[in-house]
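Spelled out, the chains give:
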Amino acid sequence: MFRSAVRAALTLLLLAPSVSAFAQVPQVPEVPVEGASDHTPVLDGPPAPVPPATINRDDEGDATVRAIKLRTPLVVDGRLDEDVYTSNPPFGDLIQVVPATGKPATERTDLWLMFDDNNIYLGARVHDSAPPEQWIANEYRRDTNQLRQNDHIAIGLDTFYDRRSGFMFYATPLGAFSDYSTIDEGQPNTDWNPVWNVRTGRFDGGWTMEMIIPFKSLRFRGGQNQTWGLQVRRSIRRKNEWAYLTPLPASMGGPQGLNRVSLYGTAVGIDAPPAGRTFEIKPYTFGRLTTDRLRVPPVSNDIDAQIGGDVKYGITANLTADFTYNTDFAQVEVDEQQLNLTRFTLFFPEKRDFFLEGRGIFDFGRGGASAGGFGGGLQSSTPFFFYSRRIGLNRGRVVPIRAGARVTGKVGKYGVGLVNIQAGDEEVSATPSTNFSVVRVKRDILKKSTIGMMFNARSNSNTPGASRNLAYGVDAAFGFYENLTIGGYWAKTETEGLKGDDDSYQGRFDYFADRYGARFEYLKVGDNFNPEMGFLQRDNFRRSFASLRFSPRPKDFFGVRKFTWQADVEHLENGGGALETRVHTGRFTTEFNRSDTFNVEATRDYEMITRSFQVAGGATVPAGSYSFDDVQVSYTFGAQRRIAGTLGTQIGDFWNGTIRSVSYTAARIAVLKQFSIEPTIQRSRVELPTGNFTTVLLRTRTDYAFSPRMFVSALVQYNSADRSFSSNVRYRWEYKLGSELFVVYTDDRDTLGRGYPTLRNRAFVIKVTRFFRV
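Definitions and cut-offs
- Residues numbered from 1 in each chain as written.
- Predicted model: local features only at pLDDT ≥ 70, side-chain atom pairs only at ≥ 80, totals over all residues.
- Heavy atoms only, no water.
- Helix = DSSP H or I, 4+ residues; strand = E, 2+ residues; numbered from the N terminus.
- Rg over C-alpha atoms; globule rule 2.2 N^0.38 Å.
- Buried < 20%, exposed > 50% of the residue type's maximum accessible area, 1.4 Å probe, protein only.
- Contact = heavy atoms within 4.5 Å.
- Areas by Shrake-Rupley, 256 points an atom, 1.4 Å probe, with all protein chains shown as cover.
- Lys, Arg positive; Asp, Glu negative; His and termini not counted.
- Charge placed at Lys NZ, Arg CZ, Asp CG, Glu CD.
- Pairing = 2+ DSSP bridges.
- Phe/Tyr/Trp six-rings, centres within 6.5 Å; stacked < 30°, edge-to-face > 60°.
- Salt bridge = Lys/Arg side-chain N within 4 Å of Asp/Glu carboxyl O.
- Polar contact = N/O pair within 3.5 Å; in protein donor to acceptor, adjacent residues only side chain to side chain.

A. Fine view of the overall build of the protein chain. Regarding its fold elements, the protein chain presents four helices and 43 strands. Over its C-alpha trace the protein chain gives a radius of gyration of 27 Å, about what one expects of a compact globule, namely 28 Å for 774 residues. Each principal axis of the C-alpha atoms in the protein chain carries an extent, and together these give about 80 × 70 × 50 Å. Every one of the 774 residues in the protein chain was classed for burial, and the buried ones make up 54%. Excluding contacts between residues fewer than 6 apart, the proportion of contacts in the protein chain whose partners are at least 24 apart in sequence is 60%. When the accessible area of the protein chain is evaluated, it comes to approximately 33300 Å², of which 55% is carbon and sulfur surface. Of the charged side chains in the protein chain, 92 are positive and 85 negative, and the gap between their average positions amounts to 2 Å.

Below, the structure is given as structure tokens:
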């Protein structure tokens, strides 16, 4: 079986250009373009209704851009030497969001938006008065957070011109690139990975860029002379300057402005091809060598080989079906370890591609644009109605996914999300074979508001004696003006043996202007509310929350860009009406022009616990009432720096004892443009009457990028709380657009004994995928 998988892997590779993955660094391949020519493109003559200007602006500065139609495909090489660049005037005149809101960008940018029968193009001549060694360009890998902290040009396309959802693409002077999508101006889906390409170059006084985005990589309506929403962003990181095509409020200063689709400009004159039914196939094969000493009986160097694949089918222009068989996530990076000094379960983010694509439609009770992060502990208390990590993962073990199907997209004004997945069993975690189903429908109303419903079902409940678990609810999000949202939800669960008080509801108000902000929330979670396909940190409570913020921007004050004063009050009662948690928080933040920030936060906490719990190191907090205060101070070095990260300390009371903590987190050291190190150090000393202990978390991620499509990454972690030491090494090569080779090594060890840590499990995987588009 293993030999068969190896032969299949070699067959898939032979379908691609013949080149050794390890011996040769590949050139970035060009996007396959139907009818492509190596000749300089010839432009159509301007149609009669086309105005002479490439761009027009109204009195408020909103831009309308005329797209240029090409007769033949553009040669995408980053040189900008075709006739289109000399025979058509560029548009530009980008407008600062920060630091000088509403003023012209300090550096000139020339842009051309073009299209032919198969592709959308963006050409850019990016002028920069600084020499190249002063440009911020220190990341090569695709889709990393660090790319947003590099100089870059980005484009956002609202292809249905609904002022709600869009597709975003951006690239840096190095040719590194990233993409993501957003639905209803919600959280961006950075794991959306369409097929597209970019090339960059340099000239005396700046850099150049050409993007090619196939229509087939987008969702759109076919037709002549279409109007799309359009936004362009330029980041000049050494100045901490963010400039956009259309004016945005200062509160959108930074990368988040591209997500405000309702404030996009307009692109006209786009002749989109018929929106054909996309059909994509991505088969894979892999071989795995596994050692697992937690199984009974243990497994040592077990050889396994399998095949599987994914299929994507466009039902309509904006409705897509995805199918997966024998789904494998061996290439996904392992979870980052966390220190837990609370009595609640930790939340880990989803990393698996199948569950990340189109996830915005499945956000329940969390819709609407806001100034993310404002409002203190809101997200930790609000239940997640659908938490995809309940599928295929349980108690730290991987549960096999046999097959699954998903339908996402829009039908008129209705957003639709359907999921059905059949998972197998897993003996170590005692997980039975289970079927998971999700139905999600949202309706667009007003200008940027939605109402919706959601239904979840799993065939095997985690609750003893229950055969299944159901959850259903309705939610709404109303957006008004540029900075006001009102929303809420009501949800109910059904589990055998849990009757009554099985619902949850929430109402929230959020005003997030640049200078002032306010958030108010009321949340109720019943004692028997049990969303087993979701994430629930605690139950049986009613929570009131209020937060006020004042954020002035001083002029010429010692390099300060913005001050922020914020006060939060959280009041939580249990189902019996007794006060269980009360938290008062005061926060002062200084943001500097170079994007460094200084933060001081003081907290006064009251907790009443009805049963004792163990914190760490054998120390126990007895049942009772506790009041304790602490102060946290941190300084964050801007992410664009070669050495970045947050230095922090915490000093104060901890339950009926004390805590002293130091940390260096969100850190990154750019050794070379291709090589970076991301260390994390957290150390806490806790002294309690029942015992003293020290917790240590050490983590280092190293990345070396051969090109934007090939990299090696290693993640090594040590967590003293569970005495674990783990490593994860991944090699990824996109040898042909959409097709990938992965080589992955993972192990997990415990450090309870003396000497070298004892092995718990280990795996070595080779996986090959091949992308086909019809």
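B. The arrangement of the sheet that holds strand S10 (residues 197-203) in detail. Read from one edge to the other, the open sheet built from five strands follows the order S3-S5-S6-S11-S10, with strand pairing classed as mixed. Looking along the sheet, the strands with just one partner apiece sit at the ends: strand S3 (68-69) and S10. Examined bridge by bridge, strand S6 (residues 119-127) and strand S11 (residues 206-214) share nine bridges and lie antiparallel to one another. Bridged to His127 within S11 is Gly206.

C. Summary view of the packing of aromatic side chains. Applying the stated rule across the entire model yields 35 aromatic pairs. Aromatic pair Tyr284 and Phe286: ring centres 5.9 Å apart, planes at 15°, arrangement stacked. Like Phe286, Tyr284 is buried. Centroid distance Phe675 to Tyr704: 6.3 Å. Interplanar angle 45°. Geometry classified as tilted. In this pair, Phe675 sits in strand S37 (residues 675-688) while Tyr704 sits in strand S38 (residues 691-707), placing the two residues 29 residues apart along the sequence. Under the relative-accessibility criterion, Phe675 is labelled partly exposed at 25%.

D. Spotlight on unusual backbone geometry. Here the amide bond leading from Val98 into Pro99 is cis, since omega sits at 5°, within 30 degrees of zero. Position of Pro99 among the secondary structure elements: in the loop between strand S4 (95-98) and strand S5 (109-115). A cis amide bond links Val296 to the next residue, Pro297, at an omega of -5°. In this structure, Pro297 sits in the loop between strand S15 (279-292) and strand S16 (299-316). Despite not being glycine, Arg163 shows a phi value in the positive range, around 60°.

E. Representation of the pattern of salt bridges in the model. By the definition in use, this model includes 58 salt bridges. For Asp703, the salt bridge identified is with Arg141, shortest N-O distance 3.1 Å. Residue Asp703 is located in strand S38, and its partner Arg141 is located in the loop between S6 and strand S7 (152-158); the two are separated by 562 residues in the primary sequence. Across this residue pair, the class does not change: Asp703 and Arg141 are buried.

F. Fine view of the side chain of Ser684. If you trace the backbone, Ser684 turns up in strand S37. Polar side-chain contacts of Ser684 include one of 2.7 Å to the side chain of Ser661. Setting aside chain neighbours within four positions, we find Ser684 in contact with Leu341, Arg660, Ser661, Phe693, Thr694 and Thr695.

G. Structural detail: the environment of Phe323. Tracing the backbone through its elements, the reader meets Phe323 in strand S17 (residues 319-327). Owing to a relative accessible area of 42%, Phe323 belongs among the partly exposed residues under this scheme. Taking the C-alpha atoms as reference points, Phe323 and Val696, separated by 373 residues in sequence, lie 42 Å from one another. Contacts of Phe323, omitting those with residues within four sequence positions, involve Gly309, Asp310, Val311, Gly404 and Ala405.

H. Fine view of the pairing of strand S23 (residues 449-458). In terms of burial, S23 is a largely internal element, seven of the 10 residues being buried. Turn length for the strand S22 (residues 434-445)-S23 hairpin, with the two strands adjacent in sequence and antiparallel, is three residues, and the turn residue Leu446 shows positive phi of about 50°. Note: S23 against strand S24 (residues 469-480), nine bridges, orientation antiparallel. Within S24, the position partnered with Thr450 by the bridge is Ala477.

I. Geometry of the environment of Ser661. Relative to the helices and strands, Ser661 resides in strand S36 (residues 657-670). According to the relative accessible area criterion, Ser661 is buried, its value standing at 9%. For the pair formed by Ser661 and Val84, sequence separation is 577 residues and the distance between their alpha carbons is 59 Å. When residues no more than four places from it in sequence are discounted, the contact partners of Ser661 are Gly648, Thr649, Gln650, Arg683 and Ser684.

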